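# Results of the structural survey
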Amino acid sequence: TALASEPADTDEFLVSDAGTLKRIDYSLIKGGGKVLQLLTATTTTRVNVATTTYTDIGLSLAITPSATSSKIFALWKISANMDSGRGYGSKLLRDTTAVFTSQSGLFSVASQTNSFRLHGTFMHLDSPSSTSEITYKVQCATYGSGQVDFQESDNSDLMLMEIGA
């Protein structure tokens, strides 16, 4: 008979090993590495940051992993406008815990006379070991004097993928 739903990890199957029947748990034969969820968030709200302290830029997203063994792949794009001598870095928080921090001057503008728009892309593979709802939040900090305008002329995006183990 065909299975009506996916077996539980502890369900057993009989397999033939050179004519000898053996039991094997489903958890040992099921495929891993599959994308189980894909969530996205976008913000267009302009935020001005003029501090080397990491500050919320209005980009966050909640996800509830389906298993404690799942990984969460986070990918985010930051839109920033800045004058010469400025730069910024990014931080990713899982609830209140920082799980990724870039260099604060990772994206910076050399001495020019104009304002520049820079899109920075960041990624992190996290292992939250939880099946409770988790909120991932992006923060940014400036490098150099003056302010950086986030989402001034373009949106910033956050994507979360749950990857099955």
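Residues numbered from 1 in each chain as written. Predicted model: local features only at pLDDT ≥ 70, side-chain atom pairs only at ≥ 80, totals over all residues. Heavy atoms only, no water.

On to the overall build of the protein, then. Per the secondary structure count, the protein includes 0 helices and 13 strands. Reading the protein from its N end, one meets helices and strands in the order β-β-β-β-β-β-β-β-β-β-β-β-β. For the protein, whose C-alpha radius of gyration is 22 Å, the value lies well above the compact-globule estimate of 15 Å for 165 residues. In terms of overall dimensions, the protein has C-alpha extents of about 75 × 25 × 25 Å along its principal axes. Of all 165 residues assigned to the protein, the portion counted as buried reaches 35%. Put simply, of all contacts in the protein between residues at least 6 apart along the chain, 76% involve residues at least 24 apart. A total accessible area of about 9100 Å² is found for the protein, and carbon and sulfur atoms account for 49% of it. Taking the average location of the 12 positive side-chain charges in the protein and that of its 16 negative ones, the two points are 4 Å from each other. (Helix = DSSP H or I, 4+ residues; strand = E, 2+ residues; numbered from the N terminus. Rg over C-alpha atoms; globule rule 2.2 N^0.38 Å. Buried < 20%, exposed > 50% of the residue type's maximum accessible area, 1.4 Å probe, protein only. Contact = heavy atoms within 4.5 Å. Areas by Shrake-Rupley, 256 points an atom, 1.4 Å probe, with all protein chains shown as cover. Lys, Arg positive; Asp, Glu negative; His and termini not counted. Charge placed at Lys NZ, Arg CZ, Asp CG, Glu CD.)

Mapped onto the elements of the fold, Tyr 88 is located in strand E7 (residues 87–94). Residue classification places Tyr 88 among the buried residues on the basis of a relative accessible area of 0%. In this structure, the C-alpha to C-alpha distance between Tyr 88 and Gln 147, residues 59 residues apart in sequence, is 9.5 Å. Polar side-chain contacts of Tyr 88 include one of 3.1 Å to the backbone nitrogen of Gly 120. (Polar contact = N/O pair within 3.5 Å; in protein donor to acceptor, adjacent residues only side chain to side chain.)

As paired strands, strand E1 (residues 12–17) and strand E2 (residues 20–25) are joined by 6 bridges and run antiparallel to one another. By the bridge assignment, Ser 16 is partnered in E2 with Leu 21. Taking the residues that link successive antiparallel strands as the turn, the E1-E2 hairpin has 2 residues, and the phi of Ala 18 there is positive, at about 55 degrees. (Pairing = 2+ DSSP bridges.)

The next point concerns the nonpolar core. Counting residues in each nonpolar core, the largest one holds 25 residues, and the members touching the most others are Ile 57, Trp 76, Ile 78, Tyr 88, Val 138, Phe 150 and Leu 160. Of all the elements in the fold, those that place two or more residues in this core are strand E4 (47–49), strand E5 (55–63), strand E6 (71–82), E7, strand E11 (134–143), strand E12 (148–150) and strand E13 (156–163). Examining the composition of this core, we find that 6 residues originate from one element, E6, more than from any other. (Core = buried A, V, L, I, M, F, W, Y, C linked by side-chain atoms within 4.5 Å.)

Within the fold, Val 99 resides in strand E8 (residues 97–101). A sequence separation of 26 residues divides Val 99 from Leu 125, and the C-alpha atoms of the two residues are 9.2 Å apart.

You will see that Asp 95, though not glycine, has its phi angle at about 55 degrees, which is positive. Along the polypeptide, Asp 95 turns up in the loop between E7 and E8.

On to the packing of aromatic side chains, then. Each aromatic ring pair is characterised by the separation of its centres together with the angle its planes make. Applying the stated criterion across every chain yields a total of 4 aromatic pairs. Aromatic side chains Trp 76 and Phe 122 sit 5.7 Å apart centroid to centroid with 15 degrees between the ring planes, which places their arrangement in the stacked category. Of this pair, Trp 76 sits in strand E6 while Phe 122 is found in strand E10 (residues 116–126), placing the two residues 46 residues apart along the sequence. Ring geometry for Phe 100 versus Phe 122: centroids 6.2 Å apart, planes at 65 degrees, classification edge-to-face. A residue pair is termed long-range when its members are at least 10 positions apart, and Phe 100 in strand E8 and Phe 122 in strand E10 qualify at 22 residues. With relative accessibility at 21%, the residue Phe 100 sits in the partly exposed group. Given the relative accessible area of 3%, Phe 122 is considered buried. (Phe/Tyr/Trp six-rings, centres within 6.5 Å; stacked < 30°, edge-to-face > 60°.)

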